[in-house]
Structure formats: structure tokens, C-alpha cells
Amino acid sequence: MSTASELKARVCAEIERHAAEIVALSDDIMRHPETGYRETRTAAIVADRFTAMGLSPQTGLARTGVKARLRGGAPGPTVAILGELDSLLIPDHPYADPVTGAAHACGHNAQIASMIGAGLGLRTVIGELAGDVVLFAVPAEECVEVGWRMSLRDNGEIHQTTGKAELIRAGHFDDVDLAMLTHTGVDTPPIAFGMRGNGSLVKRVRFHGRAAHAGGMPWAGISAYKAATVAIAAIDAHREFFTDADAVRVHHLITHSGDSVSAIPARTELEMMIRARTVEAMRDASERVDRALRGGALAMGADVEITTAVAYLPFRDDEPFAEVTAVNATELLGADAVGRIPDLTGGSTDMGDLGAVMPVVHPLAASGCATPFHGNAYYTADPVAAAVVPAKVMACTVVDLLADGAAAARSVIERSGPKLGREEFVRLHDSLADSEYFRGGLLGT
Ligand SMILES: [Zn+2]
Ligand SMILES: [Zn+2]
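Residues numbered from 1 in each chain as written. Chains lettered and ligands numbered in written order. Predicted model: local features only at pLDDT ≥ 70, side-chain atom pairs only at ≥ 80, totals over all residues. Heavy atoms only, no water.

As annotated in an unreviewed UniProt entry, the protein chain carries the name Peptidase M20 domain-containing protein 2 and comes from Nocardia aurantia.

Dropping the structure here:
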């Protein structure tokens, strides 16, 4: 029986042997971005890789997710290594898809590569571990194309606007006990821990008015667009009343303002995200926003239809899990290479959803890029740092978790404390979702 150190040495040697392939995979996906729930090419590549590894992947999970299992030599907990499939929409990004505008401006391409890399390494030692490893390519982490996702939701094709919650709801994490992924960072040390993420609600907002000639007889119209702008002004008036501790962010896009500039707009649509550090603060901010939306409708006599869904639950690294991961990062890279992430919130991840049901860790790895996430210049400039190094860190962490009868994994699960069951998770999500049609008074019923 090999020691954990010997197993880790084998794992790292195998990952190093495949380093060029891992880098090539990260770069290929970077050059072929696909947004959430549409990641068919990327999913097919992952499925092919799993098959080539001798695994039997499940495909089409939450539309595009791909999952495979490496079976341990003895029973024990199951650790999942995740990679997010999806990109953003940043049309002026240098690696944007010229047709769709999709672009990997959040580095998820490296996650798929690091997940595959970790699997290649762990494959060589899995028979000596007590527990399984699930390799899981997961869809739709980014909350984009809200209108389209809401229409999928209307049609019953999905329930959730983001992928991990959709997978949890469908039971695809029922056979997983712990989950990890490594995201790329901005100007971070090689590996950094302690990220926090706001929870987020998402809204589809439709103002309904009445069209009329904008020059000849505007008085006969009801402007859905003016109702929206009054509502936006009211939302902005609320910003100073949010507490600093709640780190509330409210963003909106006007996705449809009207149809003819010569007509009073009869239909104006927005998509919105409302982020906050706690579920309570998410609810409070959402109620303020809804009042503002109703206020805009009332001011102009328009109607407003508000559909609210959860995008993300609040996130933080599970500390016991992060400790094991940090020990491995330190062993591999040295103490100077392992850092803490400043307590800046405002961003979000659906690892928050997964963290509600099991211990999770979400370190950030260096990307070789110092420009902002989600910007038009962010990409994985250093794919070795972004994909190969995280593959080693995650694989060695799994070895520690599942060696020696999986004592470390059991300890992490126990120290992490109680989590929500799937049913409770679904109830929480459903309690935050809402749908309302408010009449501003002039359109009639
Ligand atoms: Zn992102
Ligand atoms: Zn991301």
C-alpha cells in the first residue's frame, strides 16, 4: 500500500506528462466559447475525453452537463471535481465568437482543462483510495441571457437560471459528498483562498403601455419606456439606503426599449440582477426594487410584469475543506505561493448553491492576466498557472481526502456542519422566486 505522498507524486507526474494536452484543451475551449445551457461543443469535447479515459459519461444533465465517475478501491465519500462549461457575452473580446459574441472572459475554459487534468492524474491511483471521484462539467454558471433562460423556465425546460442549482434540483449531486473547483483570478497569487460571493436574484421585467403616434397624438399613448426610466430612477434613489455590510448591487439592462422611435413605446423590457451578502438582504433589496418598478408603472399608468428567480445563493469557502486544499497547495508550490483573497464581495457564483448542500471549496488560481474579470481583455494568458497547477492541487487534495480510509474527507464533512437536504434547498429557492402582474391603472384589464 502506497503512502499518500507516493500517490501524490504519481498523480503529479501523470498530470505533468499530460501538461501540453491540458494547455491545448484550455486554449481550444477559450477559442470556442459558448454561453450557459448552450455549451454543446464544449460538452461533447468533455464527453469524448471521459470516454478516452475509459469512463462512461452521463451527458445532457441540466441540458449540457457531463459527469463521469472514477471508482475507488474501497467504499467511501465521493469527491467531485468540477469545471464550468460556459462563457460570457463580450462581443469585443479578442477571442469572442464572431457570430454569438460569446467570450471566455471569466476563465472557465481553464476549469474544464484542470478538471480533466486532475482526472487524468487521479485515474492512476484511484484503486488505492477509499471513495470515488466524480468529474463533472457543469453548465450555466454565468447569469446571462436572462430573458431566454426565463423562457426556458416558462416552458418547463429548466427550473433554475443557473446550472448548479438546476443539477441539484434534478438530483445529479445526490451521489456527491464534497465538491471543488478552481476558478482563475485577477492578479492573485498562484493559489488563493477565502473568496466570498453575494447571493443574487434575477428579474425579468416587462412594462406594458399603449402605442400612439409620438408626434401627432402622444397623449393617446402610455409609455412603457418612461415607466421603466422612472422605475430606474427610483431604484437609484434606494442605493444609499442599503447597508454597507450587505454589499448590495443592483444591475439592470434595458433589453427592449420600444419598437418604433416614431411611436410611444408599448413594450419595454429589462433584465436585472440584485446581489447581496445574505438571503435576508437579497429579499429586502428585491422588495425595494419591486416597489420602484411598481412606482414607475403607477406614475405613467402602465402595467408591469415582474418575474423573479434565484440566480445564486451566497457563497463562502468551506473552511475545513479549504484547509486541506491549502496544505496541498503549499506542499506543491511553497507557502509564498498561497494567499488569501481580500474580503471583497459583489461577485457571485453558483458554488454558493452547492455550498448550501455540501462542503465546497473554490480557490482562485493565477491567470497571467491582471485586467478585470468579465472585461474585454481578460483571458487565461498563462494556461499552465490557470489549468495545470490547479489540476495538481485538486488531485493531491483528493488523495489526502480519500487516502487512509477517507479519514480526512469524513472529518471535513463532520466539521463543516449541517447542510440543506435537496428538498429544503428546493423549498428555499422556490420561496425566493415570485411572479407578479401590477396594473398602473390606465390600461384596463
Ligand atoms: Zn464570471
Ligand atoms: Zn467565473
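Once you've had a look at it, read on.
Participant: Residues and numbers for the pairing of strand β1 (residues 58-61), please.
Facilitator: For β1 and strand β2 (residues 65-70), the ladder comprises 2 bridges, and the chain directions are antiparallel. Residue pairing in the sheet places Gln58 in a bridge with Lys67 of β2. In this structure, the hairpin formed by β1 and β2 is closed by a connection of 3 residues, where Ala62 is found at a positive phi of approximately 50°. (Pairing = 2+ DSSP bridges. Helix = DSSP H or I, 4+ residues; strand = E, 2+ residues; numbered from the N terminus.)

Participant: Talk me through unusual backbone geometry; I want residue IDs and the actual numbers.
Facilitator: Unlike most non-glycine residues, Tyr37 shows phi in positive territory, near 65°. When you line up the elements, Tyr37 lands in the loop between α2 (19-30) and α3 (40-52). Phi angles above zero are rare outside glycine, and Ala247 is one such case at about 45°. With respect to the element layout, Ala247 can be found in the loop between α7 (224-238) and β12 (249-256).

Participant: Describe the packing of helix α1 (residues 4-17) against helix α11 (residues 383-402), and please don't skip the residues or the numbers.
Facilitator: Between two packed helices, what matters for the description is the angle formed by their axes and the separation of those axes. Interhelical geometry of α1 versus α11 gives an angle of 155° and a closest axis separation of 9 Å. It follows that α1 is roughly antiparallel to α11 by the angle criterion. Relative to α11, the crossing made by α1 is right-handed. Here Ala4, Leu7, Lys8, Val11, Cys12, Ile15 and Glu16 of α1 lie close against α11, whose contacting residues are Val388, Ala391, Lys392, Ala395, Cys396, Val399 and Asp400. Split by residue class, the contact of α1 with α11 holds 10 nonpolar, no polar and 4 charged. (Axes fitted to C-alpha atoms, helices over the stretch in contact; angles between N-to-C directions. Parallel < 35°, antiparallel > 145°, perpendicular 65-115°, else oblique. Left-handed = near helix turned anticlockwise from the far one by under 90°. Contact = heavy atoms within 4.5 Å. Nonpolar A, V, L, I, M, F, W, Y, C, P; charged D, E, K, R; others polar.)

Participant: Help me get a handle on the coordination of the zinc ion (ligand 1), residues and values and all.
Facilitator: Coordination of the zinc ion (ligand 1) by the protein is provided by Cys106 (SG), Glu142 (OE) and His374 (NE2), with metal-donor distances spanning 2.0 to 2.2 Å. Read in sequence order, the donor residues coordinating the zinc ion (ligand 1) give the pattern C-x35-E-x231-H. The zinc ion (ligand 2) is placed at 3.0 Å from the zinc ion (ligand 1), the two being bridged by Cys106. Placement of Cys106 in the loop between β5 (102-103) and α4 (108-123) and of Glu142 in the loop between β6 (130-138) and α5 (146-154) is noted, with a sequence separation of 36 residues between them. The burial state of Cys106 is the same as that of Glu142; both residues are buried. (Donors = N, O, S within 2.8 Å, 3.2 Å for Na, K, Ca; no water. Buried < 20%, exposed > 50% of the residue type's maximum accessible area, 1.4 Å probe, protein only.)

Participant: Give a detailed account of the sheet that holds β1, specifying residues and quantitative values.
Facilitator: Two pairing modes exist for strands in a sheet, parallel and antiparallel, and in both the strands are linked by backbone hydrogen bonds. The strand order across the open sheet built from 6 strands is β1-β2-β6-β3-β7-β17, with neighbouring strands paired in mixed fashion. Bordering the open sheet on either side are β1 and β17 (360-361), each of which pairs with just one other strand. Both strand β3 (residues 74-84) and strand β7 (residues 178-180) contribute to a ladder of 3 bridges, which runs parallel. When the sheet's bridge partners are listed, Val79 is paired in β7 with Leu178. Lying on the sheet, helix α12 (residues 407-416) is in contact with β3 and β7; it crosses β3 at an angle near 70°.

Participant: If you had to explain the domain arrangement of the protein chain to someone new, which residues and values would you point to?
Facilitator: When its domains are assigned, the protein chain resolves into domain 1 (4-197 + 315-420) and domain 2 (200-312 + 428-439). Contacts between the two partners involve 25 residues from domain 1 and, on the opposite side, 20 residues from domain 2. Between domain 1 and domain 2 the total buried area reaches about 1700 Å² when both faces are included, carbon and sulfur atoms providing 47% of it. Across the domain 1-domain 2 interface, the total number found is 2 salt bridges. The salt bridge involving Arg204 is made with Asp154; its shortest N-O contact spans 3.0 Å. Put simply, domain 1 and domain 2 have 11 residue pairs in polar contact (both at pLDDT 80 or more) between them. (Domains from an automatic or database assignment. Buried area = accessible area lost by both parts, 1.4 Å probe. Salt bridge = Lys/Arg side-chain N within 4 Å of Asp/Glu carboxyl O. Polar contact = N/O pair within 3.5 Å; in protein donor to acceptor, adjacent residues only side chain to side chain.)

Participant: Can you explain the coordination of the zinc ion (ligand 2)? Please cite residues and give values.
Facilitator: In this structure, Cys106 (SG), His108 (NE2) and His183 (NE2) serve as the protein donors to the zinc ion (ligand 2), at separations of 2.1 to 2.3 Å. Mapped onto the sequence, the donors of the zinc ion (ligand 2) take the spacing C-x1-H-x74-H. Under the relative-accessibility criterion, His108 is labelled buried at 1%.

Participant: So what's going on with the packing of aromatic side chains? Residues and values would help.
Facilitator: Following the criterion strictly, the structure yields 3 aromatic pairs and no others. A centroid spacing of 5.0 Å and a plane angle of 35° characterise the contact between Phe136 and Phe173, whose relative ring orientation is tilted. Within this pair, whereas Phe136 is found in strand β6, its partner Phe173 is found in the loop between α6 (163-169) and β7, the two being separated by 37 residues in sequence. In this pair, the class of Phe136 matches that of Phe173, namely buried. (Phe/Tyr/Trp six-rings, centres within 6.5 Å; stacked < 30°, edge-to-face > 60°.)

Participant: If you had to explain the nonpolar core to someone new, which residues and values would you point to?
Facilitator: Core analysis: the biggest nonpolar cluster contains 63 residues, and Phe50, Ile81 and Leu122 have the highest contact counts within it. Once residues within four sequence positions are removed from consideration, Ile81 is found in contact with Met115, Ala118, Leu122, Val133, Val134, Leu135, Phe136, Met180, Met394 and Val398. Listed in part, the 58 residues of the second largest apolar core include Ile168, Leu181, Ile222 and Val360. (Core = buried A, V, L, I, M, F, W, Y, C linked by side-chain atoms within 4.5 Å.)

Participant: Go over helix α13 (residues 422-432) with me, naming the residues and quoting the values.
Facilitator: Every buried residue of α13 is listed here: Phe425, Val426, His429 and Leu432. All buried residues of α13 fall inside an arc of 125° around its axis, so they share one side. Structural note: α13 exposes Glu423 and Arg427 on the side pointing more than 90 degrees away from its buried face. Buried residues in α13 make contact with α6, β11 (199-208), α8 (279-300), β14 (303-312), α10 (351-357) and β19 (434-439). (Arc of directions from axis to C-beta.)

Participant: Which residues make up the packing of helix α9 (residues 319-333) against α12, and what are the values?
Facilitator: Put simply, α9 and α12 touch, their axes get as near as 8 Å, and they point 145° apart. Across from Pro320, Phe321, Glu323 and Val324 in α9, the residues of α12 making contact are Val412, Arg415 and Ser416. Grouping the constituent residues of the contact of α9 with α12 by class yields 4 nonpolar, 1 polar and 2 charged.

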